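One letter stands for each residue in the lines below.
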Amino acid sequence: MRWTKGALLFVAIILCWRPVGAQDLWPGATYDPRIPTLKSIIGHDIGEEISSPEEITIYLKALAAAAPDRTRLLEYARTWEGRPLHVLVIASPERMTRLDAIKADIARLADPRRLSSDEAGRLIDQLPVIVHLEHAVHGNEISSSDAALAEAYHLLAAQNDSVVQTILRDALLLIDPLENPDGRARFVTHTKFGRAATPDADPLSAEHDEPWPGGRSNHYLFDMNRDYISLSQPETRGRIKLGLEFFPQVVVDLHEMGGQNTYYFAPPADPLNPYITPTQAKWLETFGRANAARFDERGFAYFIREVYDSFYPGYGESWPIYQGAVGMTYEQASARGLAYKREDGTTLTYRDGIVHHFNAAITTAYTAATNRIQLLRDFAEYRRSALTEGEKAGVRDYVLVPGSDRGLAARLAENLLTQGIEVRQADEAFAVGSQRVPAGSYIVSTDQPSSRLIRNLLEIEVPQPDAFIREQDRRRKKRLGDQIYDLTAWSLPLVFDVEVLKSATDVSAKAHALKPASAAAAAPLPAAKVAYVLPWGTGAAATIADALRDGIRVRQASRPFTAGGRSFATGTAIVRVAENASDLVRMLGTIAAKHGAEIVPFDSGWVDSGISLGSSEVVPLKKPRIALAWDAPTQSLSAGWARYVLERRYGLTVTAVRVSTLPRFDLREFDVLILPQGNYSGAINDDGVRQLREWIRGGGTLVTIGEASRWAASDKVDLLDARSEMRDGKPEGGDDKDKDKDKDKDKEKKGGDSSVSFNYEKAILPERERPENTPGAVLRVTLDTEHWLASGTDGAIQAIVEGQRVFTPVRLDQGTNVGVFATKDRLVASGLVWDEARDQLAQKAFLVEQPLGDGHIIAFAEDPNYRAFAEATELLFINGVLLGPAY
Ligand SMILES: [Zn+2]
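Residues numbered from 1 in each chain as written. Predicted model: local features only at pLDDT ≥ 70, side-chain atom pairs only at ≥ 80, totals over all residues. Heavy atoms only, no water.

Enquirer: Explain the overall build of the chain to me, please; I cannot follow it from the model alone.
Expert: Helix and strand content of the chain: 25 helices and 36 strands. In summary, the chain has a C-alpha radius of gyration of 29 Å against a globular reference of 29 Å for 887 residues, a match within 12%. Over its C-alpha atoms, taken along the principal directions, the chain stretches across nearly 100 × 65 × 60 Å. A burial count over the chain gives 62% of its 887 residues as buried. Counting every atom, the chain has about 33200 Å² of accessible surface; 51% of that belongs to carbon and sulfur. Within the chain, one finds 103 positive and 120 negative side-chain charges whose respective centroids are separated by 2 Å. (Helix = DSSP H or I, 4+ residues; strand = E, 2+ residues; numbered from the N terminus. Rg over C-alpha atoms; globule rule 2.2 N^0.38 Å. Buried < 20%, exposed > 50% of the residue type's maximum accessible area, 1.4 Å probe, protein only. Areas by Shrake-Rupley, 256 points an atom, 1.4 Å probe, with all protein chains shown as cover. Lys, Arg positive; Asp, Glu negative; His and termini not counted. Charge placed at Lys NZ, Arg CZ, Asp CG, Glu CD.)

Here it is as structure tokens:
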């Protein structure tokens, strides 16, 4: 065919054409054709389409296969939905042949207790700097993952590129393209399903506007960028294991934020966590300046030191910091689709986001490579100086003292072990100062390289700078909104309700190193003639949940008793030999060992005082049939936490039912209905409330959490018994957290407050129209141990409190205030609570049980399943679910 002028022009246009706003990944780069492009494997170019999790895996495998000398593809975990989590290791061929030796060497460098300075010098000389680039922990923060594919391709395919050569020579890269495949799969499905014939840039079009629960979270709807304290999700546990295998010196977590923004990188906003060293802070500045230079050169806008702080230790960027890394979060404005029309009239494309992330990632890797020696030195020094820093601050050992619920301390110890923290268990009783502590107590020495992580987790208070708090006080008084990004308290001993003692010197007790799962090891259960008795607690609750599922008949003492010289509290479980099968001892023994529960065999039913084992006040428990409200308008985090705690922590079977389906759902088939946080006023109508009321009257147990309790207490719903109404409440202005939505590092608080405040005089009600906001603190709660709902507690726990909810106590003729916030002087266990909020919350209701007909309502003022690290309050939730139907 002859070339016409028109055809030539057409070819010229094709060659020059790029999507509007498209930018080069790395101007001037040329690529080795032997390394496959994304297009050649998947069919679309970088930025043309949002790659699905499956496509990402396929392309990673193709890259690894094309460059076997420079790569290793590792699967480090699987998601709940069975998707693989991969990290692609990239380095020079010389480095890759020594990968196992490098891992062994970095582990040696990471433990200065067994390292001479000569050897340290040799290791620093030889080792590559290890750079971990993690992408898209939030599944709808999409450009991160395609940027990761571009990074891997560029590092393997770029030819004669001195930047790439330096990176491969001096660094070892771990590229994790997708930390949350389950969430991304949800996002990709909905955006492609909603897509117009040509991509629609309207932010409110279906392809951008995600239906509940969105792609941000994982299968159990957890924000995994908060999970590094709980480690409850397999994805997080896999990353922790990887972190302890490679000990990276530089870790970047690449996110997206709202589409109106530009790009964020270090240095972070105030406040810095006090366990970040000045050297680490200096590196944050160094990496920030390097990124800034690159962005300036290419004309990309960015911001620093705003919004994104580095205070909470459970972010993906944070956990590695306290192991000695330079940890950073990068945020790209999200197109949340292929194109996004901004308020200023410009269009942000998907490819723009990829280009920005890509440039930041490559620049970071290059900066690390060119600073290899100093980064390794500073890493080693961080781990060395950590050995003595605790002692200088007056803590050589922390001692975790098991309380009446031994399972709590055991689980806390297990959590620390998982994080690579060394824990010893005392073989004998010993003294800490003037206090005697029992054998079985756990000892955590600060004389170990991760002591700053230990102190972050075990100290009661991690202080924020006074100047920062003063500034927040000034802002709140001017109604400016605070700059507090996340919780101001997270102390694990508090939320696990485990006593922690501090010793300034080594405790002298015979002790053994704790190994994973050894906490649950138990001797075989001796056979009993009459009954097996289980003091209630987290281990007993988990055991009884399993036992009921397996058909074992279980009862519970609704009042205390004393037998054989030992007292047993309200809530003690009793499994009678006579009403169970002959292999009871084996079945129960196996289950109890799995959960670390204590079982006391009884050969006689005789009690010294209190109720008898055969008393009518020993109530039969039954396997609860549980329904959980799901989908809008539940808050997805609260719904997901509840489902996780029920299914995975306590092994209970749950039917999740969409709120919109509730009207045609036969509740009579269920004993328990859980309403997670959410404002149900537009979703459950008068008829629905009437049906709920009838079901409760017929014996149902309704569990309401946080905002759902507020809904249940509202005038219109009136499920929580009301007295005279003073006046109609009116919803106030919008949700003031919404303004943060676009800037969110992922505040799970957003949308948490419907800001619908009422002023009724009711059994439970918001105290006044606008209670002071609490940004996330730990408060003391006093419990009524005579009530079955407080079974297994010692009468006092600590609860995570956030937001603006305040409930007055229920009238005593209407129900029981099972949990009440402590008096003002004792109220705050840890964190920032403004004085006005202290006044409002002191002695207000935390947990209420209110009978209605044959059933009852159990209302929590706050979320007992918070991020699944609040072990002590989770027990109260499980008590409500497991025991509610029996009472
Ligand atoms: Zn994010």
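Enquirer: Hey, could you run me through the sheet that holds strand 3 (residues 129–135) in this one?
Expert: Strand pairs in the sheet, formed through backbone hydrogen bonds, run parallel or antiparallel to each other. Spatially, 1-2-4-3-5-9-6 is the arrangement adopted by the seven strands of the open sheet, whose pairing is mixed. Of all strands in the sheet, those with a lone pairing partner are strand 1 (71–78) and strand 6 (263–264), marking the two edges. As defined by bridge partners, strand 2 (residues 84–90) adjoins strand 4 (residues 171–176) across three bridges and the pair is classed as antiparallel. Following the sheet pairing, Ile90 is matched in strand 4 by Leu173. (Pairing = 2+ DSSP bridges.)

Enquirer: Got a minute to help me understand the sheet that holds strand 20 (residues 555–557) in this structure?
Expert: Taking strand neighbours across the sheet as the criterion, the five strands line up as 24-19-23-20-26 in an open arrangement whose pairing is antiparallel. Every interior strand has two partners, whereas the edge strands, strand 24 (600–602) and strand 26 (618–620), have only one. Shown here is a sheet whose adjacent strand axes are inclined to one another by a mean of 30°, direction ignored. Of the pairings in the sheet, the one linking strand 20 to strand 23 (residues 573–576) comprises two bridges and is antiparallel in character. Paired with Arg555 across the strands is Ile574, a residue of strand 23. (Axes fitted to C-alpha atoms, helices over the stretch in contact; angles between N-to-C directions.)

Enquirer: I'm lost on the nonpolar core in this one. Help?
Expert: Nonpolar side chains tend to gather and get buried jointly when the protein is soluble and globular. Within the largest apolar cluster, 127 residues are counted, with the highest numbers of intra-cluster contacts made by Ile674 and Phe877. With eight residues, helix 25 (residues 871–883) is the single largest residue contributor to this core. In this structure, Val129, Ile142, Val250 and Leu375 belong to the second largest nonpolar core, which totals 67 residues. (Core = buried A, V, L, I, M, F, W, Y, C linked by side-chain atoms within 4.5 Å.)

Enquirer: Is there a simple way to think about helix 15 (residues 406–418) in this case?
Expert: Because the α-helix completes a turn every 3.6 residues, residues three or four places apart line up on one side. If you check helix 15, its first and last C-alpha atoms are 19 Å apart, about what 13 residues at 1.5 Å a residue would give, namely 18 Å. For helix 15, every residue scored as buried is listed here: Gly407, Leu408, Ala409, Ala410, Leu412, Ala413, Asn415, Leu416 and Leu417. On its buried side, helix 15 packs onto strand 12 (397–401), strand 16 (442–445), helix 16 (451–458), helix 18 (492–495), helix 19 (538–549) and helix 25. Directly beyond the C-terminal end of helix 15, a positive phi value near 85° is found at Gly420. (Expected span 1.5 Å × (residues − 1). Contact = heavy atoms within 4.5 Å.)

Enquirer: Looking at this structure, I do not really get the pairing of strand 16. What am I missing?
Expert: For a regular strand, side-chain orientation follows a simple rule: the groups alternate between the two sheet faces. Residues Tyr442 and Val444 line one face of strand 16 and the alternating positions Ile443 and Ser445 line the opposite face, and both faces are buried. The pairing of strand 12 with strand 16 spans four bridges and is antiparallel. Counterpart to Leu400 in the pairing with strand 16 is Tyr442. Pairing analysis gives two bridges linking strand 13 (residues 424–426) to strand 16, with the strands arranged antiparallel. Across the sheet, residue Gln425 finds its bridge partner in strand 16, namely Tyr442.

Enquirer: Help me understand unusual backbone geometry, please; the structure alone is not making it clear to me.
Expert: Among all residues save glycine, negative phi is the norm, and among peptide bonds the norm is trans. The omega angle of the peptide bond from Ala266 to Pro267 is 5°, so this bond is cis rather than trans. Note that the residue after Asp270, namely Pro271, is joined by a cis bond; omega there is -5°. If you trace the backbone, Pro271 turns up in strand 7 (residues 269–272). A positive phi angle, close to 40°, is found at Phe247, a residue other than glycine. For Phe247, a relative accessible area of 9% gives the class buried.

Enquirer: Explain the environment of Leu882 here, please?
Expert: Here Leu882 shows up in helix 25. Leu882 sits 257 residues away from Arg625 along the chain, and the two C-alpha atoms are 9.4 Å apart. Excluding residues within four positions of it along the chain, Leu882 makes contact with Trp536, Ala541, Ala545, Leu548, Lys622, Pro624 and Leu652.

Enquirer: Explain the packing of aromatic side chains to me, please; I cannot follow it from the model alone.
Expert: Each aromatic ring pair is summarised here by two numbers: the centre-to-centre distance and the angle between the ring planes. All chains considered together, the criterion is met by 34 aromatic pairs. Seen in terms of ring centroids, Tyr308 and Tyr485 are 5.8 Å apart; in terms of plane orientation they differ by 50°. Their pairing is tilted. On the criterion of sequence distance, the pair formed by Tyr308 in the loop between helix 11 (278–298) and strand 8 (309–310) and Tyr485 in the loop between helix 17 (466–477) and helix 18 is long-range, its members being 177 residues apart. Residue Tyr308 is classed as buried on the basis of its relative accessible area, which comes to 1%. On the basis of relative accessibility, which here comes to 4%, the residue Tyr485 falls in the buried class. Residue placement shows Arg643 over the ring face of Trp630; its charged tip is 4.6 Å from the ring centre. Above the face of the Tyr312 ring, Arg867 is positioned so that its terminal group lies 4.9 Å from the ring centre. (Phe/Tyr/Trp six-rings, centres within 6.5 Å; stacked < 30°, edge-to-face > 60°. Lys NZ or Arg CZ within 6 Å of the ring centre and 35° of its normal.)

Enquirer: Mind showing me how you'd approach the confidence of the model for the chain here?
Expert: Summarising the model, the chain shows a mean pLDDT of 92, and 91% of its residues fall at 70 or more. Note on residues 8–21: pLDDT is under 50 here. Beyond four places in sequence and across chains, it has five contacts. Segment residues 722–763 is flagged for pLDDT under 50; beyond a separation of four residues in sequence, or across chains, it makes 126 contacts in the model. (pLDDT = per-residue confidence, 0-100.)

Enquirer: I keep staring at the side chain of Ser791 and nothing clicks. Help me out?
Expert: Turning to its location among the elements, Ser791 is positioned in the loop between strand 31 (774–783) and strand 32 (796–803). Not counting residues within four places of it along the chain, the set of residues in contact with Ser791 comprises Trp536, Gln556, Thr570, Gly571, Leu875, Asn879 and Leu883.

Enquirer: How do you make sense of the environment of Ser404 when you look at a structure like this?
Expert: Inspection of the secondary structure assignment puts Ser404 in the loop between strand 12 and helix 15. Judged by relative accessible area, Ser404 falls into the exposed class, the value being 58%. For the pair Ser404 and Trp536, spaced 132 residues apart in sequence, the C-alpha to C-alpha distance is 9.0 Å.

Enquirer: In this structure, what is going on with the pairing of strand 27 (residues 626–630)? I would like to understand it.
Expert: Taken across its five residues, strand 27 has five buried, putting it largely inside the fold. Because side chains alternate across strand 27, one face comprises the buried residues Ile626, Leu628 and Trp630, and the other comprises Ala627 and Ala629, equally buried. Here five bridges tie strand 27 to strand 28 (residues 654–658), and the two strands are oriented parallel to one another. Residue pairing in the sheet places Ala627 in a bridge with Thr655 of strand 28. With helix 21 (residues 636–649) bridging strand 27 and the parallel strand 28, this β-α-β connection has right-handed handedness. Two elements, strand 27 and strand 29 (residues 672–675), share three bridges in a ladder whose sense is parallel. Bridging across to strand 29, Ile626 finds its partner in Val672. (Right-handed = clockwise from strand over helix to strand, strands pointing away.)

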